[in-house]
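Examination of the molecular architecture
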Number of protein chains: 2
Amino acid sequence: MKAGLSKEKIIIIAAKMADEKGLAELTLKALADELGIKPPSLYKHFNGGLDELNKELMLYGWRMLDGEITKAVIGKAKDDAVIALCHTYRKFVSEHKGLFEAMQWYNMYQSEEHLQASAGSVDIIYRSLSSYEMTDEQKVHTVRMIRAFLQGFSTIEVHVGSNYPVPLDDSFDFALRTILSGIADMKGDE
Amino acid sequence: MKAGLSKEKIIIIAAKMADEKGLAELTLKALADELGIKPPSLYKHFNGGLDELNKELMLYGWRMLDGEITKAVIGKAKDDAVIALCHTYRKFVSEHKGLFEAMQWYNMYQSEEHLQASAGSVDIIYRSLSSYEMTDEQKVHTVRMIRAFLQGFSTIEVHVGSNYPVPLDDSFDFALRTILSGIADMKGDE
DNA sequence: ACAATAATGCTAATTGCATTAGCTATTATA
DNA sequence: TATAATAGCTAATGCAATTAGCATTATTGT
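Criteria and thresholds
- Residues numbered from 1 in each chain as written.
- Chains lettered and ligands numbered in written order.
- Predicted model: local features only at pLDDT ≥ 70, side-chain atom pairs only at ≥ 80, totals over all residues.
- Heavy atoms only, no water.
- Core = buried A, V, L, I, M, F, W, Y, C linked by side-chain atoms within 4.5 Å.
- Buried < 20%, exposed > 50% of the residue type's maximum accessible area, 1.4 Å probe, protein only.
- Contact = heavy atoms within 4.5 Å.
- pLDDT = per-residue confidence, 0-100.
- Helix = DSSP H or I, 4+ residues; strand = E, 2+ residues; numbered from the N terminus.
- Polar contact = N/O pair within 3.5 Å; in protein donor to acceptor, adjacent residues only side chain to side chain.
- Near = heavy atom within 4 Å.
- Nonpolar A, V, L, I, M, F, W, Y, C, P; charged D, E, K, R; others polar.
- Least-squares fit on C-alpha atoms with pLDDT ≥ 70 in both.

**Comments concerning the nonpolar core**
In terms of nonpolar packing, the biggest core is built from 116 residues, with Leu-26, Leu-31 and Leu-57 of chain A together with Leu-26, Leu-31 and Leu-57 of chain B touching the most fellow members. Excluding residues within four positions of it along the chain, Leu-26 of chain B makes contact with Ala-14, Met-17, Ala-18, Leu-31, Leu-50, Leu-53 and Leu-57 of chain B.

**Topic: the confidence of the model for chain A**
Scored by pLDDT, chain A comes out at a mean of 91, with 92% of its residues at no less than 70. Mean pLDDT values over the elements of chain A span from 82, in helix α6 (residues 112–128) of chain A, up to 98, in helix α2 (residues 28–35) of chain A.

**Focus: the side chain of His-96 of chain B**
Residue and element names in this part refer to chain B. The topology assignment puts His-96 in the loop between α4 (78–95) and α5 (97–103). A polar atom in the side chain of His-96 sits 2.9 Å from the side chain of Asp-19. Residues in contact with His-96, not counting those within four places in the same chain, are Asp-19 and Met-64.

**Side note on the protein's contact with DNA strand D**
The local shell around DNA strand D holds 20 residues, among which Tyr-43 of chain A together with Lys-38, Ser-41, Lys-44 and His-45 of chain B are the closest. Within 4 Å of the protein, atoms of DNA strand D come from sugar and phosphate in 64% of cases. Here a phosphate oxygen of DNA strand D and a backbone polar atom of Leu-28 of chain A are 3.1 Å apart. One of the side-chain N or O atoms of Lys-44 of chain B is found 2.4 Å from a base oxygen in DNA strand D. Of all the elements in the fold, those that place two or more residues in the surface near DNA strand D are α2 and α3 (49–73) of chain A. For the surface near DNA strand D, the class distribution of residues is 10 nonpolar, five polar and five charged.

**A look at the relation of the copies chain B and chain A**
You can overlay chain B on chain A at an RMSD of 0.0 Å; the transform is a turn of 180° with a shift of 0.1 Å along its axis. Expressed as an axis order, the relation between the two copies is that of a two-fold axis. Most of the interface of chain B is mirrored in chain A, where 100% of its interface residues are also at the interface.

Here it is in structure tokens:
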């Protein structure tokens, strides 16, 4: 029986499963069960097995995040753009915990493809900074700083949950203000 | 034959293996081979098997990092303390990539023990901020910001490596200055 | 329309690691 | 010194990933 599956459809289902159950629960067996096929059949779509599935999830996640950030930043500049970007990133992670895990996974395989995967987001952050008066080098630093903060904050948030006397929302906004204020002070620095 | 092993000794070896080969390569089989024993024997030390080993590595890593940070901030205050703390954190991660992976692992098991594991470092960051004029709430925010930045930056660095026209060292220092400058501006904010 | 080919699914079998059960030797202790 | 706890072992099980080879369904060129 043919199930009429395609790589794309499978990835979408797999992403949903990863988001619901966590990436570790996304086994070929579980995915096959969900799709109504047998595990070996998945190799017809993913020659590289589980590894390739994870890789594809990673790429899918970055593409999706790129898209959402791009949309969010349209028509905005400077602080407004950075704020929109950061909130979009954080929201994305909260809605796609499993995909986010997969996206952090690109360390194990250092191919061109993987390096480019996250390059998209880096590029968007970079372009969002275009209207600031900074040197190119300062922009690179700033991109890295923002990226590190976003990734770190999101990871911690995903791991730790959201129970605390001091809400994480406030901390996020606070940190964002701090970073923006730091950027504003940047002019004179070497 | 008795190999004269103890939980502590095994954890130290396991940590070394994880740092050298990556956490994923640290299987019970590989560890047993390294120790010159058979995999089932490990259950005499780690009742919970692989899970418990990972948990212990996580705790070991946090304790070690706590110790190094504590040492590094002794006799320092304000910016000096924060700078020392951040550099120590980053250096630790670069020298203990495998342990760092394990330390990020605490999401899966949400026990008291695990929550306290990272609480130590949080506490040290918090205390390092003691000489700033901030409200307690601002301190909580600042701790989270620093922690997010450190974790994010380190993760990216571990994943991506250190090849680039613009050196990561510079970006790290730049971000640190930006954050410190943001902190300095903080006074008036609500 | 129809043969050839590619695509997609299956079953059966293999591998490798984690884990459990039960046995044995060694160490520590009462 | 007898006894209990410790730390190792072998044998066996289970589970997921993977590979090989077969069967069926689509697709495509003529």
